[in-house]
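# Chain and residue survey
Each chain, written out:
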Amino acid sequence: MELRSRIPDGPLEAKWERHRSGIKLVNPANKLKHHILVVGSGLAGASAAASLAELGYRVSCFCFQDSPRRAHSIAAQGGINAAKNYQNDGDSVFRLFYDTIKGGDFRSREANVYRLAEISARIIDQCTAQGVPFAREYGGLLANRSFGGVQVSRTFYARGQTGQQLLLGAYQALSRQIGIGTVTMYPRTEMLDLVVIDGRARGIITRDLVSGAVSAHAGDAVVLATGGYSNVYYLSTNAKGCNVTAIWRAHKRGAAFANPGFTQIHPTCIPQTGAHQSKLTLMSESLRNDGRIWVPKRQGDTRPPHQIPEEDRDYYLERLYPSYGNLAPRDIASRRAKDVCDEGRGVGPGGHGVYLDLRDAIARLGRRVIAERYGNLFEMYQRITGEDPFQVPMRIYPAPHYTMGGLWVDYNLMTTVDGLYAIGEANFSDHGANRLGASALMQGLADGYFILPYTIGDYLAQAKPVKVDPEHPAFHQIRGEVAERVRRLLAASGRTTVDAFHRELGRVMWDQCGMSRNATGLKEAMGRIGQLRDEFWRDVYVGGRGEELNQSLEHAGRVADFFEFAELMCQDALHREESCGCHFREEYQTPEGEAKRDDERFGYVAAWEFAGLGKEPVLHKEPLAFEAVHLAQRSYK
Amino acid sequence: MRVTLHVWRQPGPELAGVFVRYDMTDVSPDMSFLETLDVLNQQLLARKDDPIAFDHDCREGICGACGMVINGRPHGPQRATTTCQLHMRSFADGAELWIEPWRARAFPVIKDLVVDRGAFDRIIRAGGFITARTGSAPEANSLLVPKRDADLAMDAAACIGCGACVAACPNASAMLFVAAKVSHLGLLPQGQPERATRVVGMVAQMDAEGFGACTNHGECMAACPKEISIDFIAQLNRDYWKAVVSPKPQAASANGGDA
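Residues numbered from 1 in each chain as written. Chains lettered and ligands numbered in written order. Predicted model: local features only at pLDDT ≥ 70, side-chain atom pairs only at ≥ 80, totals over all residues.

### Notes on the overall build of chain A
How we decide: For the purposes of this entry, the term helix denotes a DSSP run of H or I that reaches at least four residues, the term strand denotes a run of E that reaches at least two, and both are numbered from the N terminus. Only the C-alpha atoms count toward the radius of gyration. The rule for a globule is 2.2 Å times the residue count to the power 0.38. Exposure in this text rests on C-beta crowding, where 20 or more other C-beta atoms within 10 Å of a residue's own make it buried, 12 or fewer make it exposed, and counts in between make it partly exposed. The C-beta atoms are placed from the backbone. A pair of residues counts as a contact when their C-beta atoms, built from backbone coordinates, are separated by no more than 7 Å.
The helix and strand tally for chain A stands at 18 helices and 21 strands. Taking 2.2 N^0.38 as the reference for a compact globule, 637 residues should give roughly 26 Å; the C-alpha atoms of chain A span a radius of gyration of 24 Å, in line with that estimate. Taken across its 637 residues, chain A has 61% of its residues classed as buried. Considering only residue pairs separated by 6 or more positions, chain A has 74% of its internal contacts joining residues 24 or more positions apart.

Okay, structure coming up:
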C-alpha cells in the first residue's frame, strides 16, 4: 500500500483553484451513464448526493434511518464557521485556516485545511439560497457568534438547531432530486460490506432493515458518508444508530484507516445519572460564550451553588487560560474538567460534574436575551435533569462526541481503494488531533457540495470504469459472506444481550482509551477487548429472525464490528508516544500538564492497513509538511 | 418506582396486534421513557422473548425518529417534549401506561410501535424545497431578511417531522407538517419564486397519501413537541387559495422543470 496524498504543487492559496481548473471533466452526456453510490444521508452524504445528481450523474443514496432527514448531523446545535469577516474583527481565510490547524494541534494537512477555509464562505451563500433560516440582525443581515478556540466571531447559526436547519436544506435539495428521479433513495437500508473488483470499489452489499433482504448494488464509484464512531464508547453524544460498520468493512477491504485514536471528548454534556443511561446529551459549546465554568475551591464542599460565595469558587479555565478563558478549545476544557473532578472538587451525584453558570450573563443581559440565545438548550437541560438553569447553574461533564480519525483520503477525498471516497466525519482529513467547534458542519458541507462533485469526475474521466453487473461473482461471494455472518449472529445461543457486551466494551474504552491514556492501560485494554470479542461470539444472544425488522440483530452486527475496530483504536493510541490535541498520553506532558507534542517522531498521519483479524495491522506514515504555519506549542494562556 | 406498561405488540403489517401487559419494578425517576423500554427489552431478551420494536435515534429530541402514543397522547403527557426526552419523573409511582404506535392510514404499522412515515418524505419531494443548484448562490448578505421574518420562518422550520400532529388529529391530517414547510420557505424572499407551485404540489401529495382534512381541532399544535403554531395552517390555506385562483400559469411540474 502506498499513500499518495496528491497534494497539488504551488503556493497554498493557489492549490485548490489550480487543481480544480486542471481536473478532468466528464462530458454531460456521459455523466448520465455513471452510477454513484452514496452511503449516508447526513450533511456530507445528502449534499453530495444532491450535487452529483444536479451535475447529471445517476445516484443511489442509502441510509439506515427511516428518512434521510434524520441523519445525526441534525443534532448539531451551535453553528457553522465561515471566513466571511462580516463582523469586521479581522477574520480571513488564512485566520480560519490557521485556527483550524492550531486547534488540531498541527496534525492535519495544510492544503486540505486551507481549501476548507477557502470554501467556507460559499457554504453560507449556498445554504442561505436554500432557505436555511440563519439568525439575523435587525437590519436583515446575517448574525454571528463566537465559538471555542478562536478570538473572532465567525459562527453562523440558526438558534440552537443549526445542524437541523443545514441538514434540512441538504435533505430538501436531495428530495428535489429524488422527485425528479435522478436519485434513488434507500431508507432503512444498512451497508454491510464493500465490493472491490480489480482493485476498484464497484459496489456494496446492503441489508433491508424491514424485510431483512441482503442485496447487491453495483456502481462506478462508492462514497462513504457514514459519520463517526464515538459509539465505540457506548455512551456518547451520538445517536444510538451511529456505527463504524461501513468504514470498518471498507478498511477490511483495503482502505487505510487514519488516526483512529483521535476521538474528541466534548466538555459540555449533561452528566450521567445511573446505570440505565443510554446516551449522553450535549449542551452546545456556544453556552461557553456567556457561561462561566467553575467548581468549589475546596474539596468536598457540598453547599448548594448559590450559597458558595465568589471567593470560594474556582473559575479554573479563566484562571489557567486568561486570554481564552471559558472559550479554551474542547480538548483542554475537557481535560481540565476531569482534573478538577479527580481532585475531588466535582459537583453533583458522584462528583462527576462542573458548573456552567450563566448567572452573570443573565444579570448583565437580562433573562430575555439569554432565553432568546439559549432558550431551547435550557429547556432541554430542564427536561433531562429536572433543574431550571435560570435558577441553578447547569452541571456538565465531558463525553465522547466526535471522531477526527477516519478513513485515510487523498486531496481528492479518495481512500486507498480506487473509486472509494470518504467524506464528512467518516474521513480523517481536516481536524487533526482536535476539532474546533462549528467546524464539523463546515467540513461535511464543503466535502459534499464543493469538493467531491469535482474530484469524483476526475476519477471517472480517467478510470473510465466499465459497467459491472450485481450478478458478477464478486458480488455473489461477498453477499454470501454477509448472509453467513447474519446467520452466525442469529445462531449464537448464549445468554448475554448485545447491549450488555456493548456497555462492557464502552467501559473499557472510556477507562483506558478516553480522555487520558497510558501504555499500561492501553495494553490491558487490547487484551480485554480480544477476550470480550471471543466471549461475544460465544455467549451473545440476539434472538428473532433475519427476515424481519430485528433491531437486536442490527445492533449485534454493529457491536461485532466495534469489537474489531476498538483494538485498532488502542493500537494507534499506544503507538503514538506523544500527546497532541485530544490524544493525551500521561507519559508525555509539560510540567503544567499540557499536551507535549513530539513533532520529530510523530509529525505524521498514521494510516493503518488491515492485515487480517488477530494480526498486527501495518502502519504507513504520511509525513506532514508545514510550509505556511510555524509549528508551536499550542498556547491559549 | 413501579409502572405497568400495556404495549401494542404487532408482529407485522398484515398481522393483528394486541396490548401486552408488562409490570416493571425498580424504575428510576431519572430514566428516560425510552430507557425504560430498553430495560424492558433487556428483560425480554433474557427470557428469550421478542423485544419491542420502536424507532429512536438521537434521543435528544431533534431527529424526529421516536414517537409513540402514551395514554392517548402522542409523545406522552409533557408539553413540548418528544418521547425520548420524556422522563419517568413525569409519571406517578404505580402508573399504568398504554403505549401505541401512531395510528393513521398514511402511516402503516411495520412492527409493534414502528410505523412507515415515508408519506412525509414524498410530500417534501412534491415541492418542499427551494431550487438552488449547488454553486449558483449569490453572496449571502446580498439578500436582506427582516429579523422578524427570519425568526418566524425559524419557528416553522423547527418541525422535526415526527408525525405527532397526524397521530393527534382525529382526521389524521398532515396539515401542520405541510403548513410548517410551506410557511418556512414562503416567509423568506428566497422562497417566493416557487411559492405557488410549492403549496399546490405539497397539498396534492398530502391528499394522495390518504391524510385527512383539517377541521380546526388544534390537537396537532397541542401534541407538537416543537410547539408549531396552527397560525401556519392559516398561512397555508391563504397561500393555497392564492395559488389556485392566481391568474399566473402554473408550472407543469412542481419539481421545477429542469429534470
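### Quick notes on the sheet that holds strand 17 (residues 420–422) of chain A
All names here are of chain A. The criterion, for reference: Strands are treated as partners if at least two bridges between them are detected by DSSP. Axis lines are fitted through C-alpha atoms, for helices just across the contact stretch, and the angle between N-to-C directions can take any value from 0 to 180 degrees.
Reading across the sheet, the five strands line up as 5-2-1-9-17 and stay open at both edges, with parallel pairing between neighbours. The sheet is open, and its two edges are formed by strand 5 (183–186) and strand 17, each paired on a single side. Along the sheet, successive strands turn relative to each other by an average axial angle of 20°, direction set aside. With four bridges connecting them, strand 2 (residues 58–62) and strand 5 associate as parallel partners. Within strand 5, the position partnered with Ser60 by the bridge is Thr184. Contacting strand 1 (35–39), strand 9 (221–224) and strand 17, helix 7 (residues 245–252) runs over the sheet at an angle of about 135° to strand 9.

### Notes on the interface of chain B and chain A
How we decide: For this scheme, ten residues count as nonpolar: Ala, Val, Leu, Ile, Met, Phe, Trp, Tyr, Cys and Pro. Four count as charged, namely Asp, Glu, Lys and Arg, and the remainder, Gly too, count as polar.
Contacts between chain B and chain A engage 67 residues on the former and 63 residues on the latter. Breaking the side of chain B that touches chain A down by element, the ones donating at least two residues are helix 1 (33–46), strand 6 (109–111), helix 2 (118–125), helix 3 (147–157) and helix 5 (175–186) of chain B. Considering every element that reaches the side of chain B that touches chain A, the biggest residue donor is helix 1 of chain B, with six residues. For the side of chain B that touches chain A, the per-class residue count stands at 33 nonpolar, 17 polar and 17 charged.

### Quick notes on the nonpolar core
Here is the rule we go by: Working definition: the nonpolar core is a set of buried Ala, Val, Leu, Ile, Met, Phe, Trp, Tyr and Cys residues, joined through C-beta atoms within 7 Å.
In this structure, Ala49, Val223, Leu224, Leu407 and Tyr421 of chain A together with Leu176 and Val178 of chain B are the most contacted members of the largest nonpolar core, which totals 291 residues. With 13 residues, helix 17 (residues 551–575) of chain A is the single largest residue contributor to this core. Excluding anything up to four places from it in sequence, Tyr421 of chain A contacts Ala221, Val223, Leu224, Leu413, Met414, Thr415, Leu452 and Ile456 of chain A.

### Some remarks on the sheet that holds strand 14 (residues 354–357) of chain A
Residues and elements named next belong to chain A. Across the sheet, five strands lie side by side as 11-15-14-12-13; this open sheet has antiparallel pairing. Each edge of the sheet is formed by a strand with only one pairing partner; in this case those strands are strand 11 (263–269) and strand 13 (313–314). For strand 12 (residues 292–296) and strand 13, the ladder comprises two bridges, and the chain directions are antiparallel. Each residue of the ladder has a partner; that of Val295, found in strand 13, is Asp314.

### Description of the domain arrangement of chain B
What counts here: The split of the chain into domains comes from an automatic or database domain assignment.
The domain boundaries assigned to chain B delineate domain 1 (3–111) and domain 2 (117–245). Broken down by class, the residue content of the side of domain 1 of chain B that touches domain 2 of chain B amounts to nine nonpolar, six polar and three charged.

### Notes on the domain arrangement of chain A
Residue and element names in this part refer to chain A. Entries for chain A in the domain assignment read domain 1 (266–400) and domain 2 (473–615). For domain 1 versus domain 2, the separation of C-alpha centres amounts to 31 Å. If you look at the interface, domain 1 gives five residues, while domain 2 gives five residues. The element best represented in the side of domain 1 that touches domain 2 is helix 10 (residues 330–342), accounting for four residues. Classifying every residue of the side of domain 1 that touches domain 2 by side-chain character gives one nonpolar, one polar and three charged.

### Thoughts on unusual backbone geometry
We note that Asn88 of chain A has phi near 60°; this positive angle belongs to a residue other than glycine. Residue classification places Asn88 of chain A among the exposed positions, given that 8 C-beta atoms sit within 10 Å. Not every positive phi belongs to a glycine, and Glu227 of chain B is a case in point at roughly 50°. Inspection of the secondary structure assignment puts Glu227 of chain B in the loop between helix 7 (219–223) and helix 8 (231–245).

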